[in-house]
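Tertiary structure, described
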Amino acid sequence: MSSEPNAHALPDLGPAAAELTRLLGGVRDDQLGASTPCPAYALRELLAHVLGLSVAFQHAARKETGPSTATAPGSVPPPELPADWRELMPESLAAMAAAWRDPAAWEGETQAGGLTLPAAVTGQVALDELVVHGWDVARATGQDYRPAPADLEISYAFLAPSKDDPAARGNAFGPPVDVPDGAPMLDRLIGMSGRDPGWKA
């Protein structure tokens with residue numbers, strides 16, 4: 001990743017957070033034990049993971065490093081999904097998006113997932129987490145997914161350089177799944193994230 005984006009070109013996490021929040025409204029209680037495209041997570045665990053990362057990326061945006069930003073992905077199981085998750089998650093996702101609307105969030109370095117990275121890269125990771133996990137929730141619950149086209153382009157461009165570099169992908173993503181070049185951008189992004197675009201519950 002190269003230079004930090006200028007203030008006029010900063011990605012807005014708001015649309016991805018809003019789409020994920022919309023999907024949360026369609027989750028039924030009897031679906032919380034359902035499988036998801038993340039093999040290690042049932043839906044309730046995936047939701048707990050998303051709630052946790054929404055807090056961690058708020059802290060990362062504000063350069064408030066600590067336990068939430070120092071924990072590597074997959075190093076600990078997600079916490080229990082709180083009983084009031086339907087109230088907590090929309091608020092936390094909105095706060096995450098708001099934190100990254102501050103141009104200062106994209107400057108310098110910060111920490112997320114146990115890694116110290118340029119803040120501009122961390123912000124792109126945050127957007128990618130929302131977009132890909134939004135797809136996970138949609139697929140696990142049988143809902144339509146309507147991400148912003150610009151978010152798909154940004155996330156794909158972010159992941160593509162790591163396609164043939166397992167070290168760069170780390171533990172957050174599995175090996176890329178081959179998807180035809182002419183496939184929709186959403187399918188290409190999902191394949192690049194290590195998921196099968198054809199996955200169904």
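For clarity, every value in this text was computed on a predicted model and none was experimentally measured.

A word on the overall build of the protein chain. If you tally the helices and strands in the protein chain, you get eight helices and two strands. By the compact-globule yardstick of 17 Å for 201 residues, the protein chain fits well, its C-alpha radius of gyration being 16 Å. Considering only C-alpha atoms, the protein chain reaches an extent of 45 × 40 × 30 Å along its principal axes. Within the span of the protein chain, comprising 201 residues, buried residues form 45% of the whole. Pairs at least 24 apart in sequence give 72% of the contacts found in the protein chain among residues at least 6 apart. Total accessible area on the protein chain stands at roughly 9800 Å², and carbon and sulfur atoms take up 55% of it. Each charge class in the protein chain can be summarised by its mean position, and for the 14 positive and 26 negative side chains these summaries are 5 Å apart.

Take the packing of aromatic side chains next. Per the stated rule, a full pass over the model turns up one aromatic pair. Positioned over the ring face of Tyr156 is Arg188, at 4.8 Å from the centre of the ring.

What counts as what
Residues numbered from 1 in each chain as written. Predicted model: local features only at pLDDT ≥ 70, side-chain atom pairs only at ≥ 80, totals over all residues. Heavy atoms only, no water. Helix = DSSP H or I, 4+ residues; strand = E, 2+ residues; numbered from the N terminus. Rg over C-alpha atoms; globule rule 2.2 N^0.38 Å. Buried < 20%, exposed > 50% of the residue type's maximum accessible area, 1.4 Å probe, protein only. Contact = heavy atoms within 4.5 Å. Areas by Shrake-Rupley, 256 points an atom, 1.4 Å probe, with all protein chains shown as cover. Lys, Arg positive; Asp, Glu negative; His and termini not counted. Charge placed at Lys NZ, Arg CZ, Asp CG, Glu CD. Phe/Tyr/Trp six-rings, centres within 6.5 Å; stacked < 30°, edge-to-face > 60°. Lys NZ or Arg CZ within 6 Å of the ring centre and 35° of its normal.

By themselves, these observations are geometric and do not establish any function.
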